[in-house]
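# Notes for the structure review
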Amino acid sequence: MSKSNLLIFGATGAIGSYITAEIVHARASFNRIAVFTSPSTLSAKAEQLSALREEGVEIITGDVTKKDDVVKAFEGIDTIISALGRGVIAAQIPLVQWADSTPNIKRFLPSEYGTDIEYGPSSADEKPHQQKLKVRAALQQTKDLEYAYVVTGPYADVPFFLGAAANPRGGTFDVKGRRAVLLGDGKGRVSLSDCSDVGKFVVHALTHWECAKGRALKLNSFTATPEEILAEFERQTGDKWAVEYISLEQLKAFEAEAWEKSQPDATSLTLQRIWTEGGTLYDRRDNEDIGAGDTVSLAGAVQKAIRAQLAR
Ligand SMILES: NC(=O)c1ccc[n+]([C@@H]2O[C@H](COP(=O)([O-])OP(=O)(O)OC[C@H]3O[C@@H](n4cnc5c(N)ncnc54)[C@H](OP(=O)(O)O)[C@@H]3O)[C@@H](O)[C@H]2O)c1
């Protein structure tokens, strides 16, 4: 198969930056690497985009909601990678339809990189999953566009799972305060992904496409309980930490209140409740199927988190 010509949406975003960095790192595997971004991001993130340009990445500007801008950017492209943010997940539905009617576009990776939105029967009713489910439905209705979903569980990195939360009702690992708030009984296993590993998973999915296509790939860096994570923080900081627990029932009450009062942490509380209920766990993970078995360990993730928190 000839080398792919990639177009990335959301390339400068929280996870898009990692995905783009890993794609650039693996550039020998690809032909063209282009990113589609807005004129406002072109000025707001000028340094980041000029560093990409120096790496040979083409920067295309336009409005992601305007068909003319997007279809023009599709010229010569065969693979779309979207890392668009939560606020614009639905904007991918027309993107999928325009891609499907552009003969040279063969593959589409939608913005997933998180919790499995079809984990079980109750997934269909989870509020944060609704827009992503519609994007999956749009992909499944295309004529001959191939796709894969990169499902990673929560990000281990600060400011995500291993961060110090200002409002710890969704859990926290606070390095400076030597304090942890653990969810559930602290013994439930959660599968986490390091953000650089998420970028590598995308590269592996693209370079192992025959195996990846048509699948929701269940990928992670490591699996650990909150108590195991705390023990690793204590080992590496050399101190005993203060610890509190938030039971699953209490977490559900916070979640209900957050949605009822439109509080900003409603989505993350739902996701934390899903993770605490075991919604990131599988009989087997798919890393090895796409050659992505070499991942960050619990100790490596905690070391990074300590450094990141102390640098703030
Ligand atoms: N597993 C986890 O723990 C976790 C955590 C966070 C996010 N995620 C998932 O990762 C994916 C990407 O999220 P993210 O947090 O990385 O995204 P983000 O940083 O919020 O946004 C990514 C990009 O989307 C575009 N965008 C965002 N808002 C927009 C708007 N209102 N109008 C037009 N474009 C907009 C921007 O691209 P341009 O600047 O180029 O226009 C932006 O750089 C999502 O599917 C999200 O659910 C998972």
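A quick note: this is a predicted structure, and the numbers were derived from the prediction, not measured.

Procedures and definitions
Residues numbered from 1 in each chain as written. Predicted model: local features only at pLDDT ≥ 70, side-chain atom pairs only at ≥ 80, totals over all residues. Heavy atoms only, no water. UniProt positions renumbered as here; feature names shortened; annotations may be inferred. Helix = DSSP H or I, 4+ residues; strand = E, 2+ residues; numbered from the N terminus. Phe/Tyr/Trp six-rings, centres within 6.5 Å; stacked < 30°, edge-to-face > 60°. Buried < 20%, exposed > 50% of the residue type's maximum accessible area, 1.4 Å probe, protein only. Lys NZ or Arg CZ within 6 Å of the ring centre and 35° of its normal. Near = heavy atom within 4 Å. Polar contact = N/O pair within 3.5 Å; in protein donor to acceptor, adjacent residues only side chain to side chain. Areas by Shrake-Rupley, 256 points an atom, 1.4 Å probe, with all protein chains shown as cover. Nonpolar A, V, L, I, M, F, W, Y, C, P; charged D, E, K, R; others polar. Contact = heavy atoms within 4.5 Å. Axes fitted to C-alpha atoms, helices over the stretch in contact; angles between N-to-C directions. Parallel < 35°, antiparallel > 145°, perpendicular 65-115°, else oblique. Pairing = 2+ DSSP bridges. Right-handed = clockwise from strand over helix to strand, strands pointing away. Salt bridge = Lys/Arg side-chain N within 4 Å of Asp/Glu carboxyl O.

### Details of the UniProt feature "domain: NmrA-like" (unreviewed entry) in the protein
With numbering matched to this structure, UniProt assigns "domain: NmrA-like" (unreviewed entry) to residues 3-253. Helix makes up 35% of residues 3-253 and strand 21%, with an end-to-end C-alpha separation of 51 Å.

### Thoughts on the packing of aromatic side chains
Centre distance and the angle of the planes are the two values used to describe a pair of aromatic rings. Considering all chains together, one arrives at eight aromatic pairs under this definition. Ring plane angle 85° and centroid distance 5.1 Å describe the contact between Tyr-155 and Phe-160, whose orientation is recorded as edge-to-face. Between the aromatic rings of Phe-173 and Phe-233, the centroid separation amounts to 5.3 Å while the plane-to-plane angle is 20°, which identifies the pairing as stacked. With Phe-173 in strand E8 (residues 172-174) and Phe-233 in helix H9 (residues 226-237), this pair connects stretches of sequence that are 60 residues apart. Given a relative accessible area of 3%, Phe-173 falls into the buried group. Aromatic rings pair up to connect Phe-161, Phe-173, Phe-233, Trp-241 and Trp-275 into one cluster. Between the NZ or CZ atom of Lys-127 and the centre of the ring of Trp-259, over which it lies, the distance is 5.1 Å.

### With respect to the site of the ligand
The environment of the ligand is formed by 25 residues, the closest being Ala-14, Ile-15, Thr-37, Thr-41 and Ser-111. Thr-41 has a polar side-chain atom sitting 2.5 Å from an oxygen atom of the ligand. One of the side-chain nitrogen or oxygen atoms of Ser-111 is found 2.8 Å away from an oxygen atom of the ligand. Look at the ligand: alone it shows 900 Å² of surface, and the protein chains cover 72% of it. Looking at the shell around the ligand residue by residue, the class counts come to 11 nonpolar, 10 polar and four charged.

### Some points on the side chain of Ser-193
Looking at the element boundaries, Ser-193 is found in the loop between strand E10 (190-192) and helix H7 (195-207). Non-local contacts of Ser-193, meaning those with residues more than four positions away in its chain, are made with Thr-152, Pro-154, Tyr-155, Ala-156, Asp-157, Val-198, Phe-201, Leu-219, Asn-220 and Ser-221.

### Examining the packing of helix H5 (residues 92-100) against helix H6 (residues 130-140)
Direction vectors running N to C along H5 and H6 enclose 10°, while the axes themselves pass 9 Å from each other. What the angle tells us is that H5 and H6 run roughly parallel. Of the residues in H6, those touching H5 at Gln-92, Ile-93 and Val-96 are Lys-134, Val-135, Ala-138 and Leu-139.

### Considering the environment of Trp-259
For Trp-259, the position within the fold is in helix H10 (residues 248-260). As a C-alpha pair, Trp-259 and Thr-270 span 11 residues in sequence and 9.1 Å in three-dimensional space. Apart from residues lying up to four places away in sequence, Trp-259 is in contact with Lys-127, Pro-128, Ala-266, Thr-267 and Thr-270.

### Digging into the pairing of strand E2 (residues 30-37)
Counting buried positions along E2 yields six of eight residues, so the element is predominantly enclosed. Alignment of strand E1 (residues 4-9) against E2, held across five bridges, turns out to be parallel. Pairing of Leu-7 across the sheet is with Ala-34, part of E2. Note on the crossover from E1 through helix H1 (residues 16-25) to E2: the handedness is right-handed.

### Quick notes on the sheet that holds E8
Reading across from one edge, E8-E9-E13 is the order of the three strands in this open sheet, with mixed pairing throughout. The outermost strands of the open sheet, each flanked by one partner alone, are E8 and strand E13 (242-246). Mean inter-strand twist for the sheet, computed between neighbouring axes without regard to direction, equals 20°. By the bridge criterion, three bridges tie E8 to strand E9 (residues 179-183) in an arrangement that is antiparallel. Bridge pairing links Phe-173 to Ala-180 in E9.

### A look at the pattern of salt bridges
Here the structure, examined in full by the defined rule, presents 28 salt bridges. For Lys-143, the salt bridge identified is with Asp-100, shortest N-O distance 3.8 Å. With Lys-143 in the loop between H6 and strand E6 (146-147) and Asp-100 in helix H5, this pair connects stretches of sequence that are 43 residues apart.

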